[in-house]
There are 2 protein chains.
Amino acid sequence: MRALPQPDRADLQLDAVLSALSDPVRRQIVNQLADGPGDQACSTFQLSVSKSTSTHHFRVLREAGLIKQHYRGTAILSSLRAADMEARFPGLLQAVLQAARHESSPPIAARETGTVA
Amino acid sequence: MRALPQPDRADLQLDAVLSALSDPVRRQIVNQLADGPGDQACSTFQLSVSKSTSTHHFRVLREAGLIKQHYRGTAILSSLRAADMEARFPGLLQAVLQAARHESSPPIAARETGTVA
């Protein structure tokens, strides 16, 4: 099993983490990893971008320290570095994922009454 | 009093907010605004960048909706849109500011024992 290069926990940089999370495709990847099983193959992600763009997004996430990746045969498996993120930047990842869900949902008042506040 | 253009609360975008916060100078500005009085003149910020770069950073923050700015005479005053941010992305701004403080401090164990974990 060959792991791809990634920063150590102590070297995680807030600039890189926030920049990585500022893209909706990358947040989609992180969100799926947060919800799903530990290791997920890149092919299981339904992303609205080309394969090369998708590969770029995974690399940005790995280099920022948000995910780790390793080969299993020819497949690349990814998993979220949730514990490393929590240790280095407590609460941050959850806050971003929650903000993303908040952004994609209409306000509760609008959903309940059918009007837009 | 002339206010400079800024997005409405409902139009705040997570991409723009996270991208704006991915720069340490911009986080320094946001942090000072969060700690200080409501309106602060740009000249009160001790930033390690040129005036034109500083102006650029304030504009990025304003266009992302993190701060509002208005003229008082020839001075531009800035304030944090903390309530708008909290309404749109609950907990996010605090999590980022806390992460920034966490990043700039050594781990508690290292500070107490003088060793690096």
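Residues numbered from 1 in each chain as written. Chains lettered and ligands numbered in written order. Predicted model: local features only at pLDDT ≥ 70, side-chain atom pairs only at ≥ 80, totals over all residues. Heavy atoms only, no water.

(A) Expanded view of the overall build of chain A. Assigned secondary structure in chain A consists of six helices and three strands. Tracing chain A from N to C terminus, the helices and strands come up as α-α-β-α-β-β-α-α-α. The buried share among the 117 residues of chain A stands at 40%. A separation threshold of at least 6 residues defines the contact pool for chain A, and within that pool the share at least 24 residues apart is 66%. (Helix = DSSP H or I, 4+ residues; strand = E, 2+ residues; numbered from the N terminus. Buried < 20%, exposed > 50% of the residue type's maximum accessible area, 1.4 Å probe, protein only. Contact = heavy atoms within 4.5 Å.)

(B) Quick look at the pairing of strand 2 (residues 67–72) of chain B. Residues and elements named next belong to chain B. In terms of strand pairing, strand 2 meets strand 3 (residues 75–80) through six bridges, oriented antiparallel. Across the sheet, the residue bridging to Lys68 is Ser79, located in strand 3. Hairpin remark: strand 2 followed by strand 3, antiparallel, with two residues in the connecting loop; positive phi at Gly73, about 65 degrees. (Pairing = 2+ DSSP bridges.)

(C) A look at the sheet that holds strand 2 of chain B. All names here are of chain B. Strand order in the open sheet formed by three strands is 1-3-2, and the pairing between neighbours is antiparallel. Each having just a single partner strand, strand 1 (40–41) and strand 2 make up the two edges of the open sheet. Across two bridges, the pairing between strand 1 and strand 3 is antiparallel. What sits directly across from Gln40, in strand 3, is Ser78.

(D) Broad picture of the relation of the copies chain A and chain B. The transformation that overlays chain A on chain B combines an axial shift of 0.0 Å with a rotation of 180 degrees, and the residual RMSD is 0.0 Å. Here the two chains are linked by the operation of a two-fold rotation axis. Looking at the interface residues of chain A, 100% of them are also at the interface in chain B, so both copies use one shared face. (Least-squares fit on C-alpha atoms with pLDDT ≥ 70 in both.)

(E) Representation of the packing of aromatic side chains in the model. Residues and elements named next belong to chain A. Evaluation of the coordinates by the stated rule reveals two aromatic pairs over all chains. With a centroid separation of 5.2 Å and 80 degrees between ring planes, the pair formed by Phe45 and Phe58 is classed as edge-to-face. Of this pair, Phe45 sits in the loop between strand 1 (40–41) and helix 3 (51–64) while Phe58 sits in helix 3; the two residues are 13 residues apart in sequence, bridging distant segments of the chain. Of the residues examined, Phe58 reaches a relative accessible area of 2% and is grouped as buried. (Phe/Tyr/Trp six-rings, centres within 6.5 Å; stacked < 30°, edge-to-face > 60°.)

(F) A look at the interface of chain A and chain B. With 24 residues of chain A in contact, the opposing surface of chain B contributes 24 residues. Interface area, chain A with chain B, both sides summed: about 1,800 Å², of which 60% is carbon and sulfur. Put simply, chain A and chain B have two salt bridges between them. Linking chain A with chain B are six residue pairs in polar contact (both at pLDDT 80 or more), by the criterion used here. Sorting the residues of the side of chain A that touches chain B by element identifies helix 1 (14–21), helix 2 (24–35), helix 4 (82–88) and helix 5 (92–104) of chain A as the ones contributing at least two each. In terms of residues, the side of chain A that touches chain B owes the most to one element, helix 5 of chain A, which gives eight residues. (Buried area = accessible area lost by both parts, 1.4 Å probe. Salt bridge = Lys/Arg side-chain N within 4 Å of Asp/Glu carboxyl O. Polar contact = N/O pair within 3.5 Å; in protein donor to acceptor, adjacent residues only side chain to side chain.)

(G) Summary view of helix 3 (residues 51–64) of chain B. Residue and element names in this part refer to chain B. Compared with the 20 Å implied by 1.5 Å per residue over 14 residues, the 20 Å span of helix 3 between its first and last C-alpha is a close match. Looking at helix 3, one finds that the buried residues are Ser54, His57, Phe58, Leu61, Arg62 and Ala64. Elements in contact with the buried residues of helix 3: helix 1 (14–21), helix 2 (24–35), strand 2 and strand 3. Directly after helix 3, the chain includes Gly65, whose backbone phi takes a positive value near 90 degrees. (Expected span 1.5 Å × (residues − 1).)

(H) Local environment of the environment of Gln40 of chain A. Residues and elements named next belong to chain A. Structurally, Gln40 can be placed in strand 1. Residue Gln40 is classed as buried on the basis of its relative accessible area of 7%. Along the chain, Gln40 and Leu77 lie 37 residues apart, while their C-alpha atoms are 5.1 Å from each other. Filtering out sequence-adjacent residues up to four positions away, Gln40 remains in contact with Gln32, Leu33, Phe45, Ile76, Leu77 and Ser78. Side chain to side chain, Gln40 and Gln32 meet in a polar contact 3.0 Å long. Within polar-contact distance, the side chain of Gln40 engages the backbone oxygen of Pro37 at 3.2 Å.

(I) Quick look at the packing of helix 1 of chain A against helix 5 of chain A. All names here are of chain A. At a minimum axis separation of 12 Å, helix 1 and helix 5 run at an interaxial angle of 20 degrees. Accordingly, the angle class assigned to the pair helix 1 and helix 5 is roughly parallel. Of the two elements, helix 1 crosses helix 5, and the hand of that crossing is right-handed. Along the contact surface, helix 1 presents Leu14, Val17, Leu18 and Leu21, while helix 5 presents Leu92, Leu93 and Val96. (Axes fitted to C-alpha atoms, helices over the stretch in contact; angles between N-to-C directions. Parallel < 35°, antiparallel > 145°, perpendicular 65-115°, else oblique. Left-handed = near helix turned anticlockwise from the far one by under 90°.)

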